[in-house]
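If you want the building blocks of each chain, they are given just below.
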Amino acid sequence: MVEHVQVLIVGSGFGGLGTAIALKRDGVDDFVVLERADDLGGTWRDNSYPGCACDVPSHLYSFSFAPNPNWSRTFSRQPEIWAYLRDCADRYGIAPHIRFGTELLGADWDDERRRWVARTSRGEFTADVLVAATGPLAEPSLPDLPGLSTFAGTAFHSARWDHGYDLTGKRVAVIGTGASAIQFVPQIAGRVARLDVYQRTPPWIMPRRDRPLTRVERRVYRAVPALQRLMRAAIYAGREAFLPNFRSVRVSHLAQRIALRHLRSQVPDPDLRAKLTPNYAMGCKRILVSNDYLPALTRDNVHVVTDPIAEVRRHSIVTADGTEREADAIVFGTGFHVTDLPIAERLRGRDGRSLAEIWQGSPQAYLGVAVAGFPNLFLLLGPNTGLGHTSVVIMIEAQIGYLRRALRHLRATGAATVEPRPDAQRDFVRYVDENMRGTVWTAGGCRSWYLDPTGRNSALWPRSTWAYRRLLRRFRPDDHEFSLRAQPKAEVPV
Ligand code: NAP
C-alpha cells in the first residue's frame, strides 16, 4: 500500500525534528519522519564515541524555542544533547510521526501528479513536500588504504564506535586528527597499551572554556528564563564577533597566536611541537577546542606518526618510510562524506536526473535550501549553509522559517508547487562565491572537507548568521516558479 502525506521528512536529527515541531505548531499534522535507525537524534545518536561533546556552548546549540535550563556544562556532552532531542520529540508529540528502521532508498518527482514518490526500505510513500534533513555529517568516510581489507584486527569509524570491543591493553592505531579524534584520543590514551596517532595535517587547537554549570545557575535559569535568553544572546554575539578571523587570512593571525601559546604550554618537547604546528591559516579547516588532546599526545605510550600510510597488513600499518607498527585495532576519525552526499544520488527531479548528476560534485542550491528543477523539495543544512564559528541550529531554524513561509505562500495562492528560478539560484551561488573570495577557507592554504572536487567551497556559509537569517526572513515569490495543482478536487492543498 502506498501512503500519502503532505510532508515527508527524512531524518530525525536537529533538522528533521525542528521541521516536525514547526509543522505541528502550524497545525499541520499530516507528516511522517523517516528514520533509518531505531532511535532519533541524527549525528547525536550516531556519535557515541568516548568524550563526544559539542564545541558550541549548549545555550546556543539548542532550539531557540526550547531552551534547556538544566544543561550540566557550558559545552554539553553527547548523551545530554541526545537526551535533549528525545525530550523535544516527546514534548512536542513528534514520536508517533517517526517511522524507525525506515530508510529512504529513492524519491522521484512525479510532475503529472505534482508529488514526490518515495521508495523506502519499508514500502512506498507519496508526498506533496519532501524535506531532506539528512545532515552533512551522516555518512562516515573511510580512507581507501591499500591492504585495509586484509586487516585481521578490529576496525571501526568514530561515528560507529564498537562499544563491544574493549580497547584496554590493546595496540591501537587512530587515523585522523579532526574534531572527533581530538575528543576520543584523550579518553582512550590512558587505557590502551600503545596508541599510534596517524596525523596527515595538524589541526589548530584553541583552549576549551568548558566548566560545569552550578546548581544555582540552573535554578536561576529555571526561575528566570529571560536570563538564559540573555546568556544565549551574549554567546551568539560573541561567536559572531569571531567571524572576522575567517574573513581575512591577516586577521586570523591574532587567533593563531592564542593557539600557538596553548600548544607551547601543553607540549614541552620541541620535536613533537613541530609536528603539531599547522602550516596553514587558522580556520581553513575547522578550528578545534581542547584542553586534553595535546597533553594526551605527550604520554609515553602515545606516538604521533606523520609519515603517510603506505599499506595496512594483517596485524600492522606500514608507513611510507618503511616502518611497520603493529596494531590490534584501527579507529578511523576520518570524517564524513560531505560534498558527495549519498542522499543526492537518491533524489530525482522533474527531468529525471538526480541531484548528484546535476551537481557534478559541486552542490548548489538557492539559499542553500531549494533547487531549481526539484519542486517542493527543501534541504536542511544544504550546500553553503555549514558554519565554522557558531551553532548550525541557527541556520536550521532560519531554513525551517523559509520552508514555513513557502508553504504558507502555497496555501494562500492555491499553487501546488514551488521551486527556485534557475537565475535566482545562480545569483545566490554567485553571491556566496564572491563572499568566499579572500577568506581563510579559500586563501588559507589548506585542503579541507569544505572544498568540493572542483575546489569550490560548497559547504560553508561565508558571512554572519545574521546576514543569512536576513536573507531568509522574507519569502520572495519573484525568485520562484509555481505550478497549479494537477487534480484540484482530489487533494487538500499543503
Ligand atoms: P574531520 O574533521 O573531517 O577530520 C578527519 C581527519 O581524518 C583529518 O585529520 C583528516 O586529515 C584525516 N583523514 C581523512 N582521510 C584521511 C586519509 N585517507 N588518510 C589519513 N588521514 C585522513 O572529521 P571529524 O573529526 O569526524 O569531524 C567532522 C566534522 O564533524 C567536524 O569538522 C565538525 O564539523 C563535526 N564535529 C563536531 C564536533 C563538535 O564538537 N561539535 C565534534 C566532532 C565532529 P586532513 O586534515 O589532512 O584531511
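What comes next concerns the included structure. Once a new chain begins, its residue numbering starts again from 1 and follows that chain's sequence as written. Local features are withheld for residues below a pLDDT of 70 in this predicted model, meaning they are given only at 70 or higher, and side-chain atom pairs are given and counted only at 80 or more; totals for whole chains, interfaces and linings count all residues. Each side-chain value is derived from all of the structure's non-hydrogen atoms; neither hydrogens nor water enter the calculation.

Quick look at the state of the cysteines now. Two cysteine sulfur atoms make up a disulfide if the distance between them is within 2.5 Å. Overall, the coordinates contain one disulfide when judged by the stated rule. Between the sulfur of Cys284 and that of Cys446 lies a disulfide, 2.0 Å long from S to S. When the S-S torsion is -105°, as for the bridge of Cys284 with Cys446, the disulfide is left-handed. Of this pair, Cys284 sits in the loop between α9 (270-275) and β11 (288-289) while Cys446 sits in the loop between α15 (440-443) and α16 (465-472), placing them 162 residues apart in sequence. The class of Cys446 is buried, set by a relative accessible area of 15%. Only DSSP runs of H or I reaching four residues or more are called helices, and only runs of E reaching two or more are called strands; each is numbered from the N terminus. Relative accessibility decides the category of a residue: with a 1.4 Å probe and only protein chains considered, values under 20% of the type maximum give buried, values over 50% give exposed, and everything between is partly exposed.

Moving on, we get to the sheet that holds strand β9 (residues 194-198). Read across the open sheet, the five strands follow the order β7-β16-β8-β9-β12; overall the sheet is parallel. Edge positions in the open sheet fall to β7 (154-157) and β12 (302-305), since each of these has one partner strand only. The average angle at which neighbouring strand axes cross in this sheet is 15°, direction not considered. Here strand β8 (residues 171-175) pairs with strand β16 (residues 329-332) via four bridges, running parallel. Note that in β16 the partner of Ile175 across the bridge is Phe332. The criterion used for residue contact is that any of the two residues' heavy atoms lie within 4.5 Å. Each axis is a line fitted through C-alpha atoms, and for a helix only the stretch in contact is used; angles between axes span 0 to 180 degrees, taken between their N-to-C directions. Set on the sheet, helix α4 (residues 181-189) makes contact with β8, β9, β12 and β16; between it and β8 the angle comes to about 170°. Any two strands with at least two DSSP bridges between them are considered paired.

A few words now on the packing of helix α5 (residues 215-223) against helix α6 (residues 225-241). It is at 4 Å that the axes of α5 and α6 come closest, and there the two elements cross at 110°. The angle between α5 and α6 places the two elements in the roughly perpendicular class. Residues Val220, Tyr221, Arg222 and Ala223 of α5 pack against Pro225, Leu227, Gln228 and Met231 of α6. The residue makeup of the contact of α5 with α6, split by class, is six nonpolar, one polar and one charged. Angles are sorted into four bins: roughly parallel if under 35 degrees, roughly antiparallel if over 145, roughly perpendicular if 65 to 115, and oblique for all others. Three classes are used: nonpolar for Ala, Val, Leu, Ile, Met, Phe, Trp, Tyr, Cys and Pro, charged for Asp, Glu, Lys and Arg, and polar for all others, with Gly counted as polar.

In what follows, salt bridge is the name for a side-chain nitrogen of Lys or Arg lying within 4 Å of a carboxyl oxygen of Asp or Glu. Under the counting rule described, the total for this entry stands at 29 salt bridges. Measuring nitrogen to oxygen at the nearest pair gives 3.7 Å for the salt bridge that ties Asp46 to Arg160. With a gap of 114 residues between them, Asp46 in helix α2 (residues 43-46) and Arg160 in the loop between β7 and β8 connect regions that are remote in the sequence. Using a relative accessible area of 17% as the deciding quantity, one classes Asp46 as buried. Close ionic contact of Glu311 with Arg313 constitutes a salt bridge, the shortest N to O distance being 3.4 Å. In the salt-bridge network here, residues are joined through shared partners; they are Glu35, Arg45, Asp46 and Arg160.

Before going further, it helps to spend a moment on the pairing of strand β5 (residues 115-120). Where a strand is regular, its side chains alternate between the two sheet faces. For β5, a buried count of five out of six residues is recorded, marking the element as mostly surrounded by other parts of the structure. Inspection of the sheet shows strand β4 (residues 104-110) paired to β5 by six bridges, in the antiparallel sense. The residue of β5 that forms the bridge with Gly106 is Arg119. Between β4 and β5, which follow one another and run antiparallel, lie four residues, and Arg114 among them has a positive phi close to 55°. The turn linking β5 back onto strand β6 (residues 123-132) is made up of two residues.

Our next topic: the site of the ligand. The criterion for a residue being near a molecule or strand is simple. One of its heavy atoms has to lie within 4 Å of it. What surrounds the ligand is a group of 22 residues, the closest being Asp55, Ala179, Ser180, Thr201 and Lys285. For this analysis, a polar contact is any N or O atom pair within 3.5 Å, provided that within protein one partner can donate a hydrogen and the other can accept it, and provided that sequence-adjacent residues contribute only side-chain to side-chain pairs. One of the backbone N or O atoms of Ala53 is found 2.9 Å from an oxygen atom in the ligand. At a separation of 2.7 Å, an oxygen atom of the ligand approaches a polar backbone atom of Ser180. Working definition of accessibility: Shrake-Rupley area with a 1.4 Å probe, residue cover restricted to the visible protein chains. For the ligand, whose accessible area on its own is 900 Å², the fraction buried by protein is 83%. Residue classes in the shell around the ligand are distributed as nine nonpolar, nine polar and four charged.

What follows is about the packing of helix α1 (residues 14-25) against helix α3 (residues 78-91). Packing of α1 against α3 brings their axes to within 10 Å, and their N-to-C directions diverge by 20°. Between α1 and α3, the crossing angle belongs to the class labelled roughly parallel. The element α1 and its partner α3 pack so that their crossing is left-handed. Only Ile81, Tyr84, Leu85, Cys88 and Ala89 of α3 make contact with α1, whose side of the interface consists of Phe14, Leu17 and Ile21. The class makeup of the residues in the contact of α1 with α3 is eight nonpolar, no polar and no charged. By definition, any crossing whose near helix is turned counterclockwise from its far helix by less than a right angle is left-handed, and any crossing with a clockwise turn is right-handed.

A separate point is the packing of aromatic side chains. The rule is short: rings of Phe, Tyr and Trp, with Trp giving its six-membered ring, pair when the centres are within 6.5 Å, and they are stacked under 30 degrees, edge-to-face over 60, tilted in between. Within the structure shown, the criterion is met by 23 aromatic pairs. Judged by centre distance (5.1 Å) and plane angle (65°), the ring pair of Phe14 and Phe63 falls under edge-to-face. One end of the pair, Phe14, is in helix α1; the other, Phe63, is in the loop between α2 and α3, with 49 residues separating them in the sequence. Ring plane angle 65° and centroid distance 4.7 Å describe the contact between Trp449 and Tyr450, whose orientation is recorded as edge-to-face. Put simply, the rings of Phe14, Trp44, Tyr61, Phe63, Phe65, Trp71, Tyr84 and Tyr92 pair up and form one aromatic cluster. In our convention, an over-ring charge means Lys NZ or Arg CZ found within 6 Å of a ring centre and within 35 degrees of that ring's normal. In this structure, Arg25 packs its charged tip against the face of Phe65, placed 4.7 Å from the ring centre. The ring centre of Phe75 lies 4.8 Å from the NZ or CZ of Arg208, which sits over that ring.

Functional significance is not addressed by these values, which are geometric in nature.
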